[in-house]
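# Analysis of the macromolecular model
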Amino acid sequence: MLQETRLHRIRALLSTQHQLSTERIIKELGISRETARRDIISLEAQGLARRVYGGLVALESPPEPPLQVRRNAQAREKRAIAAAAVQHLQPGQTLFLDAGTTTTLLAEELRTMSGLTIITNSLQAALALSAAEEHETLNNQVLLLGGMMMAGAQQTRGEMTVGEIYRYRADVALLSPVGIDARNGASSFHPHEAPSRTPWYSRPAAPCCWRITVNSA
C-alpha cells in the first residue's frame, strides 16, 4: 500500500476518532509497527496531527478523504453489515438508499435480490444496481433522484432532491448519516448532506429507518 493511501486512511480514522493509538493504526491498515511510526511522523511533519505517547491526535478537522479511500476503510465490516441488512428485506418492498460507502456496498448485495423498487440519490449505488449487459433485464426497479451535483460528491443533493423524496413512500430507508437525533433527525459533517436524510425521520408515518454506517459513511 502506498504511503499516500495509508495517510489518507489514517486521516479518515482521525476525522471520527480524533485520537488513534499506534496499535489501532497497525490493525486497521495491516502494516508493521515501523511503518505506522513513519506514517505518524509524516502526518505530524505535515501539520495534520500531533504525536502523543502511544499514537497521535488530530490538530484540526482534516478534509474528507477521497471516496475510494473511504470505501476501502473497514471494508470487511461494511460488507458484513450490507450482507446482514439484505437478510431483513423482502421482494416487493420499496427502499430508499442513501449515499455513502456502506450503502454502495449494500447496493451490490441488493443485486442478488429481485422485485425491489430502490430509490436513491447515490450515483455509485445506482450504477451498481443497474450493472448488466444490454440484453439482460434488471432484477429491481431503480429510481435515481434528481438534484444538484458537486465535484467529487457522486450524489444528488439540494432542494430538488428533498422535493423528490417527498413524492415517494418507502417501506425501509437505509441511511448513513454521521448521527441521528429523535427530535432533530439526521446530522452530518456537511450541511448540504443532512437535508436529504432528514425527511425520512420527520415525515408522518415514517418508514422503518436503519442506520448502517461504520464510523463514517
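Residues numbered from 1 in each chain as written. Predicted model: local features only at pLDDT ≥ 70, side-chain atom pairs only at ≥ 80, totals over all residues. Heavy atoms only, no water.

## With respect to the confidence of the model for the protein
- With 74% of its residues at a pLDDT of 70 or more, the protein shows a mean pLDDT of 79.
- Confidence, read as mean pLDDT per element, is least for strand 10 (residues 208–211) in the protein (53) and greatest for strand 5 (residues 117–120) (94).
- Ignoring residues within four places in sequence, the model shows residues 213–217, a span with pLDDT below 50, making 23 contacts including any to other chains. (pLDDT = per-residue confidence, 0-100. Helix = DSSP H or I, 4+ residues; strand = E, 2+ residues; numbered from the N terminus. Contact = heavy atoms within 4.5 Å.)

## Let's talk about the sheet that holds strand 2 (residues 49–52)
- The strand order across the open sheet built from 3 strands is 1-3-2, with neighbouring strands paired in antiparallel fashion. The two strands at the open ends of the sheet, each matched to only one other strand, are strand 1 (19–21) and strand 2. For this sheet, the mean angle separating the axes of adjacent strands, direction not counted, is 20°.
- Strand contacts of helix 3 (residues 33–45): strand 2 and strand 3 (55–58), with the helix running at about 130° to strand 2, the strand carrying the most contacts. (Pairing = 2+ DSSP bridges. Axes fitted to C-alpha atoms, helices over the stretch in contact; angles between N-to-C directions.)

## What to know about helix 2 (residues 22–29)
- Along helix 2, the residues classified as buried are Thr22, Ile25, Ile26, Glu28 and Leu29.
- Trailing helix 2 by a residue or two, Gly30 shows a phi angle of about 65°, which is positive. (Buried < 20%, exposed > 50% of the residue type's maximum accessible area, 1.4 Å probe, protein only.)

## Focus on the nonpolar core
- Formed by 17 residues in total, the largest nonpolar core has its most connected members in Leu89, Leu95, Leu97, Leu106, Leu110, Ile118 and Leu174.
- Listed by contribution, the elements that provide at least two residues to this core are helix 5 (75–86), strand 4 (94–97), helix 6 (101–110), helix 7 (123–129) and strand 7 (172–175).
- Among all residues touching Ile118, those that are not within four sequence positions of it are Leu95, Leu97, Leu110, Leu129, Asn140, Gln141, Val142 and Leu143.
- Core analysis: the next-biggest nonpolar cluster, separate from the first, contains 15 residues, Leu13, Ala36, Ile40 and Leu48 among them. (Core = buried A, V, L, I, M, F, W, Y, C linked by side-chain atoms within 4.5 Å.)

## Some thoughts on the packing of helix 5 against helix 6
- Where helix 5 contacts helix 6, the axes come no closer than 8 Å and their chain directions differ by 50°. Classified by the interaxial angle, the pair formed by helix 5 and helix 6 is oblique. The element helix 5 and its partner helix 6 pack so that their crossing is right-handed. Here helix 5 contributes Ala75, Lys78, Arg79, Ile81, Ala82, Ala83, Ala85 and Val86 to the contact with helix 6, which in turn contributes Thr101, Thr102, Leu105, Leu106, Glu108, Glu109 and Leu110.
- Looking at the contact of helix 5 with helix 6, its residues break down into 9 nonpolar, 2 polar and 4 charged. (Parallel < 35°, antiparallel > 145°, perpendicular 65-115°, else oblique. Left-handed = near helix turned anticlockwise from the far one by under 90°. Nonpolar A, V, L, I, M, F, W, Y, C, P; charged D, E, K, R; others polar.)

## Considering the pairing of strand 5
- Residues Thr117 and Ile119 point to one face of strand 5 and Ile118 and Thr120 to the other, with burial holding for every one of them.
- Both strand 4 and strand 5 contribute to a ladder of 4 bridges, which runs parallel. Bridge pairing links Leu97 to Thr120 in strand 5.
- Read as a crossover between parallel neighbours, the route from strand 4 over helix 6 to strand 5 is right-handed. (Right-handed = clockwise from strand over helix to strand, strands pointing away.)

## Things to note about helix 3
- The terminal C-alpha atoms of helix 3, which comprises 13 residues, lie 18 Å apart, in line with the 18 Å expected from a rise of 1.5 Å per residue.
- Those residues of helix 3 not exposed but buried are Thr35, Ala36, Asp39, Ile40, Ser42 and Leu43. Burial along helix 3 is one-sided: seen end-on, the buried residues are contained in an arc of 160°.
- Considering only its buried residues, helix 3 is in contact with helix 1 (3–17), helix 2, strand 2 and strand 3.
- Gly47 sits one or two residues past helix 3 and shows a positive phi near 75°. (Expected span 1.5 Å × (residues − 1). Arc of directions from axis to C-beta.)

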